[in-house]
Amino acid sequence: MSTENLHADVVIVGSGVCGALIGAQLAKAGKSVLILEAGPRVKRRDIVETYRDAPVKLSLANMKLQGAGSPFPSLPHAPSTYGDYLEQKGPVKYNTSYLRVVGGTTWHFGSALWRLLPSEFKLNSLYGRGRDWPIGYDDLEKYYGLAEMELGVSGTDDQDESGAGGSPSPARAAPYPMKQVPLTYMFRTLAEKLSAGGYNPVWEPHGRATRPYNQRPVCAGNNNCNPVCPIGAKYDGSMHCDIAENRGAVIMPNAVVYKLEDDDTGRIQALWFKRPDGSEHKVTARVFVVAAHTIETPKLLLMSKTRHSPNGIANSSDMVGRNLMDTTGISVTMKTRDPVWPGQGPTELLVFNKREGDFRRNAAQYKIKVRNTTPVSQYAATLLEQGVLGTELDRRIQELSAHTLAWAVDFEVLPDPANRVTLSKTKFDALGLPVPSLYYDLNDYWHAGTELAMQDLNRFSQLLDAEITKKNMKFENRQHPSGTTIMGDNPRDSVVNRDCRAHDHPNLYIAGTSVMSASTCMNPTLTAAALSIRIAERIQREI
């Protein structure tokens, strides 16, 4: 092993939004910070150019045609989940596409940044399902506000984000940092027609700049937020990586952490990482933070079997890797009689939420969103396969582009210990490390939610004078993973406490959506960011 000896006050594993936020906060406070990232550093201009030249351009860079549509690198030491990196063992395939690059998965996220409602912290108490969080909305409200400022969130202050059409909810101590983006013709038209049927449109809070903000330009509506914002108007974790570096933090790319070491008091003493050439290096620190993604975090902890922690680091409860969740959904395509002209402005903005109510005792809550995209190349390919050519081809492409609506529904998934991440026993990456093995299934609670959502979508088609042309009920994963290092007050059934500190190790924190006690139907990024700022505050007090 290498004799190289690296040390910092705080060592952070993972440079996504959570690791970068914590690193930036602590570096600004004068602490020495080292951030280790498994993948490479990428440049926006290179990603944009690769995407521009790709023959296939789909949301999230086309998972099916890796190499043809993905502008992000997939390297042997840090393989992309667009390929076959993940081992699938469960009845439901857990398709997820996270990025292993400096800045993390927010490079290609849609940028929806929601707060949870107070009721969503009390799932079991209110509805007899799943688990309660050990903390409540009031514990996070301050940090939600700080996270919105850090990430530059645009939103609408006076709306009920539950979707019930009541008074503004959840309660806010401060307004959104920026106003909502201007509404396009499609968004205004759909909101008007569906409001007439009793539905309450909600404008999605998101991380796109509507005024110059922290060196970010105003959103120009390029409409390819997935997979990359070409001008940097949309937030991504690389921005806080830059802030951290400017304040003295060190970011080390291509450093794959594979082991944590503890002592007989439970303190983490060191971690080890591998370079692409297989060389091994040791890092020591006063405090360690694992912010390596909902899948990679439990993988690292489970690989770290020691004499003091034979089941893996932070795993005395046998809960590491368990309670894997997402907002697994369905989709419906409609063709409207009148043109609605999707494809202008951000990829997502208008949603219809069903987040609260006694129905949640029996069925999952859900969010219905319209995908504001116009996949012209797909329309053209399909028509050409049908033999449509010439002026008729041009007419049909225009017709589909103007009249096609793509609706997607995101559902909450209950925490279930059987849904989990383990280590593959037969499949290994280029460094000899086991790949994550996933088991995932959905129960009747999820299926009951889909029945309610389909009732709404059928009503949508009537109100919009539209025909449903396609349904996909086959478990579409929404890239919103959570769980696997769940938060709780009881060390016997959780991994971290209410401060996101590992029960088993006083100087180990876990950051990210993996600590969420229960999922919701909403995107989890802002909640993870708020928790990360809270973690940084606690670490700063300690050192």
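What comes next is a walk through the structure. (Residues numbered from 1 in each chain as written. Predicted model: local features only at pLDDT ≥ 70, side-chain atom pairs only at ≥ 80, totals over all residues. Heavy atoms only, no water.)

1. A word on the overall build of the protein
Okay, so step 1: A tally of helices and strands in the protein yields 11 helices and 18 strands.
Okay, so step 2: A compact globule built from 543 residues would reach a C-alpha radius of gyration of about 24 Å, and the protein, at 23 Å, matches this within 12%.
Okay, so step 3: Counting only residues that meet the buried cut, the protein has 61% of its 543 residues in that class.
Okay, so step 4: A separation threshold of at least 6 residues defines the contact pool for the protein, and within that pool the share at least 24 residues apart is 74%.
Okay, so step 5: With the model as given, the accessible surface of the protein reaches about 20,400 Å², and the carbon-plus-sulfur share is 49%.
Okay, so step 6: In the protein, 61 positive and 58 negative side-chain charges are present, and the distance between their average locations comes to 1 Å. (Helix = DSSP H or I, 4+ residues; strand = E, 2+ residues; numbered from the N terminus. Rg over C-alpha atoms; globule rule 2.2 N^0.38 Å. Buried < 20%, exposed > 50% of the residue type's maximum accessible area, 1.4 Å probe, protein only. Contact = heavy atoms within 4.5 Å. Areas by Shrake-Rupley, 256 points an atom, 1.4 Å probe, with all protein chains shown as cover. Lys, Arg positive; Asp, Glu negative; His and termini not counted. Charge placed at Lys NZ, Arg CZ, Asp CG, Glu CD.)

2. Observations regarding the nonpolar core
Okay, so step 1: Of all hydrophobic cores here, the largest spans 130 residues; its most connected members are Leu 36, Leu 271 and Trp 407.
Okay, so step 2: Not counting residues within four places of it along the chain, the set of residues in contact with Leu 271 comprises Val 11, Val 13, Leu 36, Val 257, Lys 259, Leu 260, His 281, Lys 282, Val 283 and Phe 288.
Okay, so step 3: Membership of the second largest hydrophobic core comes to nine residues, among which are Val 42, Ile 47, Trp 107 and Val 228. (Core = buried A, V, L, I, M, F, W, Y, C linked by side-chain atoms within 4.5 Å.)

3. Digging into the pattern of salt bridges
Okay, so step 1: The full count for this structure, using the stated rule, is 38 salt bridges.
Okay, so step 2: Where Glu 348 meets Lys 369, a salt bridge forms, and the shortest distance between an N and an O atom there is 3.8 Å. Pair noted here: Glu 348 is in the loop between strand E11 (329–336) and strand E12 (350–354) and Lys 369 is in strand E13 (residues 366–371), with a separation of 21 residues, a long-range link.
Okay, so step 3: Residue Lys 369 is classed as buried on the basis of its relative accessible area, which comes to 3%.
Okay, so step 4: Via salt bridges that share partners, Glu 204, Glu 348, Lys 367, Lys 369, Arg 371, Asp 410, Glu 476 and Arg 478 belong to a single interconnected network. (Salt bridge = Lys/Arg side-chain N within 4 Å of Asp/Glu carboxyl O.)

4. Considering the side chain of Ser 162
Okay, so step 1: Position of Ser 162 relative to the elements: it lies in the loop between strand E4 (154–155) and strand E5 (178–179).
Okay, so step 2: Those residues in contact with Ser 162 that lie beyond four places of it in its chain are Leu 117, Asn 353, Lys 354, Arg 355 and Glu 356.

5. Comments concerning the pairing of strand E14 (residues 404–411)
Okay, so step 1: Taken across its eight residues, E14 has seven buried, putting it largely inside the fold.
Okay, so step 2: Here seven bridges tie E11 to E14, and the two strands are oriented antiparallel to one another. Within E14, the residue paired with Lys 335 across the bridge is Thr 404.
Okay, so step 3: Alignment of E13 against E14, held across six bridges, turns out to be antiparallel. Within the sheet, the bridge partner assigned to Ile 368 lies in E14 and is Val 409. (Pairing = 2+ DSSP bridges.)

6. Considerations on the pairing of strand E2 (residues 33–36)
Okay, so step 1: On E2, burial covers both faces: Val 33 and Ile 35 on one face and Leu 34 and Leu 36 on the other are all buried.
Okay, so step 2: In this sheet, E2 lies alongside strand E1 (residues 5–13) in parallel orientation, the contact comprising four bridges. Across the sheet, Val 11 pairs through a bridge with Leu 34, a residue of E2.
Okay, so step 3: Sheet analysis places E2 next to strand E7 (residues 250–252), joined by three bridges and oriented parallel. Paired with Ile 35 across the bridge in E7 is Ile 251.

7. A few points about the sheet that holds E14
Okay, so step 1: If you walk across this open sheet you meet the six strands as E6-E12-E13-E14-E11-E17, and the pairing is antiparallel. Both edges of this open sheet fall to strand E6 (202–203) and strand E17 (466–476), since each of them pairs with a single strand only.
Okay, so step 2: Across four bridges, E12 lies against E13 in antiparallel orientation. In the sheet register, Lys 354 faces E13, and the bridge partner there is Tyr 366.
Okay, so step 3: Sheet contacts for helix H10 (residues 444–463): E11, E12, E13, E14 and E17; angle to E17, the most-contacted strand, approximately 165°. (Axes fitted to C-alpha atoms, helices over the stretch in contact; angles between N-to-C directions.)

8. Some details on the packing of helix H8 (residues 376–385) against helix H9 (residues 390–403)
Okay, so step 1: At a minimum axis separation of 10 Å, H8 and H9 run at an interaxial angle of 135°. Relative to H9, the element H8 is oriented oblique. The interaxial crossing formed by H8 with H9 has right-handed handedness. When H8 is examined against H9, the residues Val 376, Tyr 379, Ala 380, Leu 383 and Leu 384 are found in contact with a partner set consisting of Leu 393, Arg 396, Ile 397, Leu 400 and Ser 401.
Okay, so step 2: Split by residue class, the contact of H8 with H9 holds eight nonpolar, one polar and one charged. (Parallel < 35°, antiparallel > 145°, perpendicular 65-115°, else oblique. Left-handed = near helix turned anticlockwise from the far one by under 90°. Nonpolar A, V, L, I, M, F, W, Y, C, P; charged D, E, K, R; others polar.)

9. Describing the environment of His 480
Okay, so step 1: On the secondary structure map, His 480 appears in the loop between E17 and strand E18 (508–510).
Okay, so step 2: Residues His 480 and Ile 368, 112 residues apart in the sequence, show an inter-C-alpha distance of 15 Å.
Okay, so step 3: Ignoring sequence-local partners within four residues, the contact set of His 480 consists of Met 325, Asp 326, Thr 327, Lys 369, Asp 410, Asn 523 and Pro 524.
Okay, so step 4: In terms of polar contacts, His 480 uses its side chain to reach the side chain of Thr 327, at 2.6 Å.
Okay, so step 5: Engagement of the side chain of His 480 in a polar contact is seen with the side chain of Asn 523, the distance being 3.0 Å. (Polar contact = N/O pair within 3.5 Å; in protein donor to acceptor, adjacent residues only side chain to side chain.)

10. Details of the sheet that holds strand E16 (residues 434–439)
Okay, so step 1: The sheet built from three strands is open, its strands ordered E3-E16-E15 with mixed pairing. Two strands bound the open sheet, and with one partner strand each, they are strand E3 (87–88) and strand E15 (420–428).
Okay, so step 2: Of the pairings in the sheet, the one linking E3 to E16 comprises two bridges and is parallel in character. From the neighbouring strand, Glu 87 faces E16, where its bridge partner is Ser 437.
Okay, so step 3: Together, E15 and E16 form the strand contacts of helix H7 (residues 296–303), whose direction differs from that of E15 by roughly 70°.

Remember that the coordinates give geometry; whether it matters functionally is a separate question.
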